Amino acid sequence: MMFRGFVPTLVRSAPLHRRLVAYPSRCRYSHDDSLKRIVASSKVLRVGKGVIKYTLIASLGVITATIVGFEGTHLWIEKVELSPEQNPEVKLWEWDQEVEKWSGDSVMGGTDPALGHHGRHRVRAAWAAYNWGESNAAAVIAPDTKFARGESQPEDLELVDANMSTAQTFLRGALRVANERDSDGHLHPETISQLIFRRASILERLGRDALQESKTEYERAWVGFSREGLSAASIAVRLGEISLQLNQQSDAVLWWSRAIKLTHGEVPDDLKTLPAALESLPPSPRAQRILATTLVTLSAFYAQTGKLNQAQALEEAALTTLRTVPIPTPLTSASPPHALHALYLLHRSSLISVHLAEVLNARGKPLALSIQYLTSAAESSERVARELTGKSSSENPAPLKDTVPSPAYTDSRSMKKPALALLRDARRTTAEAWNLIGILNETQAKNLPAALQCYERAVQWAGTTNQTSHIMKPHEGILESEWTSIWNNYNRAKKSAEGTL
């Protein structure tokens, strides 16, 4: 009771109602601010959770889509691109055997299951880089030996196809896996040999510094195929060409003789007597094509090395043999695989005719004889190109501008690449033959008007007009050096003809 009336001085100084409202705004502000902060924090948390949630969902979706796309691509390559040929007519003419093999089992197709997940993925990745790589992709590399020693200089650097470099790297990894798994005996007997063969062909396209390694790989594949069969014959042709590029002429001739033996049967030890043995072609269509290619290569070798007597004998015998193959008339009456085979052999005979014309001219034979063989080669190659695109000379006598064969060939996975290569080669041969006829008319026959007509025809086959600058440029598949020679000959003859008017 004694303290009931006691009130602190500070409180006593203000009435009760004033004390209760002395700081009303400050009290209300502090309470509301806390609530707002709590509400704002909860909103931030909800937004943050939502962002994290949707980010995780999006990331998961991207990862899932990437995995599905990646595996889907591999599945497409496995089931579609590497599927075995089903067309019986294509198989009859053995175009299915010309397809690049990425597995040992051509009947089942795909990749070898015994390679396992990683091994099969490496093979498919190599296939994708080889077939789907960016066009005109290039990489600058230095020779491995100099690079390892730190001695590579700017002049040592070489521009190579980056797609081919990537493909051979994946194949090297696949071969490492294959060699590890070969001990258990589950791999197909030809899987390793086919992969080595494929890597060797890719290395061959990586420039001169890779030629020796390519040759070594081809030799491994040759042993892997037990030195027998048409696959071994195809390898022997390639080994001969690489040996020649490495200036190993005796090795080159030895490999070509092995290829002839595997396709044609027994051949003489001395290839000087080979023409007498070329009385007929082997029954196998693929063997005929390999033999024809080998004869073209051997013919060029004899001519370039000055062995003109051997070259002429071989070329005349080869033309006689190749012409025994009947060409259906009209060619449209034959099936596309049959027609492609006939056109292939016709083009090879055109190449040999070009070689023979040059040899005859070098040996001082009548000029008319060389021009006759060159004209035959030009007209035959023109026919090959027109038949491949489905456009006969009677419908359109002008030089062909098409760069793609007709769908009858491109719709077939087995015939598409051979048809594309044949069309490119036929165009080159046509242009070369007309250019050579022009040279003979200009320099030896002294017939400038005839020479100019031939040069003009060569330009029309070898060149095309740039759509933007309207300047002539080499057609797709024509080498820059070939185009430069043809274009210079045409311009020189044109100026000379104008000067005589």
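Residues numbered from 1 in each chain as written. Predicted model: local features only at pLDDT ≥ 70, side-chain atom pairs only at ≥ 80, totals over all residues. Heavy atoms only, no water.

Trainee: Describe the overall build of the protein chain, listing the residues and the values that go with them.
Mentor: For the protein chain, the count of helices and strands is 20 helices and 4 strands. For the protein chain, the proportion of its 501 residues judged to be buried stands at 44%. Residue pairs in contact within the protein chain that sit at least 24 positions apart in sequence constitute 65% of those at least 6 positions apart. (Helix = DSSP H or I, 4+ residues; strand = E, 2+ residues; numbered from the N terminus. Buried < 20%, exposed > 50% of the residue type's maximum accessible area, 1.4 Å probe, protein only. Contact = heavy atoms within 4.5 Å.)

Trainee: Break down helix H14 (residues 308–322) for me, with residues and values.
Mentor: Here H14 is 15 residues long and its end C-alpha atoms lie 21 Å apart, about the 21 Å a rise of 1.5 Å per residue gives. Residues Gln310, Ala311, Gln312, Leu314, Glu315, Ala317, Ala318, Leu319, Thr321 and Leu322 constitute the buried set of H14. (Expected span 1.5 Å × (residues − 1).)

Trainee: Could you give an account of unusual backbone geometry, with specific residues and numbers?
Mentor: Of note, the bond from threonine 329 into proline 330 is cis; its omega dihedral lies within 30 degrees of zero at -5 degrees. The topology assignment puts proline 330 in the loop between H14 and helix H15 (336–362). Despite not being glycine, serine 226 shows a phi value in the positive range, around 60 degrees. If you trace the backbone, serine 226 turns up in the loop between helix H9 (211–224) and helix H10 (229–245). On the basis of relative accessible area, serine 226 is assigned to the partly exposed category, the value being 47%. Even without being a glycine, lysine 446 presents a positive backbone phi close to 55 degrees. Within the fold, lysine 446 resides in the loop between helix H18 (416–443) and helix H19 (448–462). Relative accessible area serves as the criterion here: at 65%, lysine 446 is assigned to the exposed category.

Trainee: Outline the pattern of salt bridges, listing residues and values.
Mentor: Scanning the model with the defined rule gives 15 salt bridges in all. The salt bridge partner of arginine 120 is glutamate 78, with a shortest N-O separation of 2.8 Å. Within this pair, whereas arginine 120 is found in helix H5 (residues 116–132), its partner glutamate 78 is found in helix H3 (residues 24–81), the two being separated by 42 residues in sequence. Like glutamate 78, arginine 120 is buried. (Salt bridge = Lys/Arg side-chain N within 4 Å of Asp/Glu carboxyl O.)

Trainee: If you had to explain the nonpolar core to someone new, which residues and values would you point to?
Mentor: Residues Leu274, Leu295, Leu298, Leu340, Leu388 and Tyr409 are the most contacted members of the largest nonpolar core, which totals 74 residues. Per element, the largest residue contribution to this core is 14 residues, and it comes from H15. Discounting chain neighbours no more than four positions away, the residues touching leucine 388 are Leu340, Leu343, Pro405, Ser406, Tyr409, Ala419, Leu422 and Leu423. Grouped together as the second largest cluster of nonpolar side chains are 46 residues, Leu171, Ala200, Ala210 and Ala232 included. (Core = buried A, V, L, I, M, F, W, Y, C linked by side-chain atoms within 4.5 Å.)

Trainee: Go over the confidence of the model for the protein chain with me, naming the residues and quoting the values.
Mentor: For the protein chain, per-residue confidence averages 84 on the pLDDT scale, and residues scoring 70 or more make up 83% of the total. Helix H6 (residues 144–149) is the least confidently modelled element of the protein chain, averaging 42 in pLDDT, while H15 averages 97, the highest of any element. Low pLDDT, under 50, characterises residues 16–29; the stretch is placed with 2 contacts to residues that sit more than four places away or in other chains. When the criterion is pLDDT under 50, residues 144–153 qualifies, and its contacts beyond four places in sequence or with other chains add up to 7 contacts. (pLDDT = per-residue confidence, 0-100.)

Trainee: With reference to specific residues and values, describe the packing of H15 against helix H16 (residues 367–389).
Mentor: Contact geometry of H15 with H16 gives a least axis separation of 8 Å together with a crossing angle of 160 degrees. With respect to their mutual orientation, H15 and H16 come out roughly antiparallel. As H15 runs across H16, the sense of the crossing is left-handed. Within the contact between the two elements, H15 uses Leu340, Leu343, Leu346, His347, Ser350, Ser353, Val354, Leu356, Ala357, Leu360 and Asn361 and H16 uses Leu367, Leu369, Ser370, Tyr373, Leu374, Ala377, Ser380, Ser381, Arg383, Val384, Glu387 and Leu388. A breakdown of the residues in the contact of H15 with H16 according to their chemical character gives 14 nonpolar, 7 polar and 2 charged. (Axes fitted to C-alpha atoms, helices over the stretch in contact; angles between N-to-C directions. Parallel < 35°, antiparallel > 145°, perpendicular 65-115°, else oblique. Left-handed = near helix turned anticlockwise from the far one by under 90°. Nonpolar A, V, L, I, M, F, W, Y, C, P; charged D, E, K, R; others polar.)

Trainee: How would you sum up the environment of proline 268? Please name residues and give values.
Mentor: Checked against the element boundaries, proline 268 lands in the loop between helix H11 (249–264) and helix H12 (274–277). Using a relative accessible area of 23% as the deciding quantity, one classes proline 268 as partly exposed. It is 8.7 Å that separates the C-alpha atoms of proline 268 and serine 257, two residues lying 11 residues apart in sequence. Those residues in contact with proline 268 that sit more than four places away from it in its chain are Thr273, Leu274 and Ala277.

Trainee: Can you lay out the packing of aromatic side chains for me, pointing to particular residues and giving the numbers?
Mentor: Applying the stated criterion to the full structure yields 10 aromatic pairs. With centroids separated by 5.4 Å and ring planes inclined at 20 degrees, the aromatic side chains of tryptophan 483 and tryptophan 487 adopt a geometry described as stacked. Here tryptophan 483 and its partner tryptophan 487 are both found in helix H20 (residues 480–500), 4 residues apart, which amounts to about one turn of the helix. Overall, the relative accessible area of 5% leaves tryptophan 483 in the buried class. Here the aromatic residues Phe197, Tyr218 and Phe225 are joined through ring pairs into a cluster of three or more. Directly above the ring of tryptophan 95 sits arginine 289, whose terminal nitrogen or CZ lies 3.7 Å from the centroid. (Phe/Tyr/Trp six-rings, centres within 6.5 Å; stacked < 30°, edge-to-face > 60°. Lys NZ or Arg CZ within 6 Å of the ring centre and 35° of its normal.)

Trainee: Hey, could you go over empty space enclosed by the protein for me, with residue numbers and the actual values?
Mentor: Following the criterion strictly, the structure yields 1 cavity of 30 Å³ or more and no others. Taken as a whole, the largest cavity encloses approximately 30 Å³ of empty space. Taken together, Leu271, Lys272, Leu274, Pro275, Tyr302, Gln310 and Leu314 form the lining of the largest cavity. Looking at the lining of the largest cavity, the elements with two or more residues in it are H12 and H14. Class assignment for the residues of the lining of the largest cavity results in 5 nonpolar, 1 polar and 1 charged. (1 Å grid on protein atoms, 1.4 Å probe; cavity = no way out; pocket = protein on both sides within 12 Å on 5 of 7 lines; lining within 4 Å. Points joined across faces, edges and corners; volume = space filled by probe spheres on them.)

Trainee: Any details on H9? Residues and values, ideally.
Mentor: Think of an α-helix as 3.6 residues a turn; residues three or four steps apart then line up on the same face. Here H9 spans 20 Å end to end across 14 residues, near enough to the 20 Å set by a 1.5 Å rise per residue. For H9, every residue scored as buried is listed here: Leu211, Ser214, Lys215, Glu217, Tyr218, Ala221 and Trp222. Along H9, the residues classed as buried sweep out an arc of 165 degrees about the axis, all on the same side. Contacts from the buried residues of H9 go to helix H7 (162–181), helix H8 (191–203), H10 and H11. Positive backbone phi, at 60 degrees, marks serine 226, one or two positions downstream of H9. (Arc of directions from axis to C-beta.)

Trainee: Let's hear about the side chain of serine 381: which residues, and what values?
Mentor: As for its position among the elements, serine 381 is in helix H16. Among residues more than four places away in sequence, those in contact with serine 381 are His347, Ser350, Ala426, Thr429 and Thr430.

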